[in-house]
Amino acid sequence: MTATTTGPHRGADAQPESTVIVIAKEPVAGRVKTRLTPPYTPAEAAALAGAALADTLHAVLGMPARRRVLALDGAPGPWLPPGIEVVPQGGGGLDERLAAAFAGCQGPTLLVGMDTPQITPVLLAPVLGRGGWRDCDAWFGPAADGGFWALGLAEPDPELLRGVPMSTPTTGAAQRRRLVDAGLRVRELPVLRDVDTADDAAWVAALAPGSRFARTLAGLSRAAAR
């Protein structure tokens, strides 16, 4: 079943065919950001995950798109802003869940994760702005750890993701090679750093000092210093 929240329409210049998907887990202690523990407790890691997810969803609200979708493993919470359509993730490994997210879409679709709260509408304007899909079949956003933080497909094809080894240092290279081998014209987005470790968290917070993520991290640091 699909749960939908409604809110004000944003982006009068939206491309009517565009979809933006965020794929995420519900920020529950012990289930998310486990590599942040230690130094953070499971509850603190979940708080950071919730802040990162909220930042990502609010950024998506500012992007021109026909649909803004959260493919969620879990249940919606107070971090979910109005204007985001919520659909459940499919089963299986990450490749299958990513494939299922694309399978539910038609037309140009951009998928991002919840691990890069530093993303902004400006960063993704090349994809979603006018002409973003002209002479382009795919957009690829590599992550500094060897994965990828964004994947856009002009024509969503789940088979482009199924079977790609996930969560390895060569995942990004394997996924990009899959696109190229399929004959797609690929454009690149900037390399971004995912939030996986405490060092990553500090790095990303410094890049986005006004974000919910940065404020949450600063609050945890102040509490630890007492």
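Provided above is the structure to which this section pertains.
Rules used in this analysis
- Residues numbered from 1 in each chain as written.
- Predicted model: local features only at pLDDT ≥ 70, side-chain atom pairs only at ≥ 80, totals over all residues.
- Heavy atoms only, no water.
- Helix = DSSP H or I, 4+ residues; strand = E, 2+ residues; numbered from the N terminus.
- Rg over C-alpha atoms; globule rule 2.2 N^0.38 Å.
- Buried < 20%, exposed > 50% of the residue type's maximum accessible area, 1.4 Å probe, protein only.
- Contact = heavy atoms within 4.5 Å.
- Areas by Shrake-Rupley, 256 points an atom, 1.4 Å probe, with all protein chains shown as cover.
- Lys, Arg positive; Asp, Glu negative; His and termini not counted.
- Charge placed at Lys NZ, Arg CZ, Asp CG, Glu CD.
- Phe/Tyr/Trp six-rings, centres within 6.5 Å; stacked < 30°, edge-to-face > 60°.

With that out of the way, let us pick up the overall build of the protein. In terms of helices and strands, the protein carries 6 helices and 8 strands. Taken from N to C terminus, the helices and strands of the protein fall in the order β-β-α-β-β-α-β-α-β-β-α-β-α-α. Against the globule reference of 17 Å for 226 residues, the protein gives a C-alpha radius of gyration of 17 Å, in line with a compact fold. Dimensions along the principal axes, computed over C-alpha positions, put the protein at roughly 55 × 40 × 35 Å. Counting every position in the protein, which comprises 226 residues, the buried fraction comes to 49%. Nonlocal contacts in the protein, meaning residues at least 24 apart in sequence, comprise 68% of its contacts between residues at least 6 apart. Within the structure as shown, the protein displays about 10300 Å² of accessible surface, and the carbon and sulfur contribution to it stands at 56%. Counting 22 positive and 22 negative side-chain charges, the protein places the centres of these two groups 5 Å from one another.

Take helix 4 (residues 171-181) next. All of the buried residues along helix 4 are Thr171, Gly172, Ala174, Gln175 and Leu179. Contacts made by the buried residues of helix 4 are with strand 6 (138-142), strand 7 (148-153) and strand 8 (186-188). Two residues or fewer past helix 4, Gly183 is found with a positive phi of approximately 85 degrees.

Among the structural elements, Ala138 can be located in strand 6. Separated by 118 residues in sequence, Ala138 and Val20 have C-alpha atoms that sit 14 Å apart. With sequence-adjacent residues up to four places away left out, Ala138 is seen in contact with Trp133, Gly152, Leu153, Leu179, Leu184, Arg185, Val186 and Arg187.

The tally for this structure, following the rule as stated, stands at 1 aromatic pair. Summarising the aromatic geometry, the rings of Phe140 and Phe148 are spaced 5.6 Å apart at their centres and angled 40 degrees between planes, so their arrangement reads as tilted. The buried category is assigned to Phe148, whose relative accessible area is 15%.

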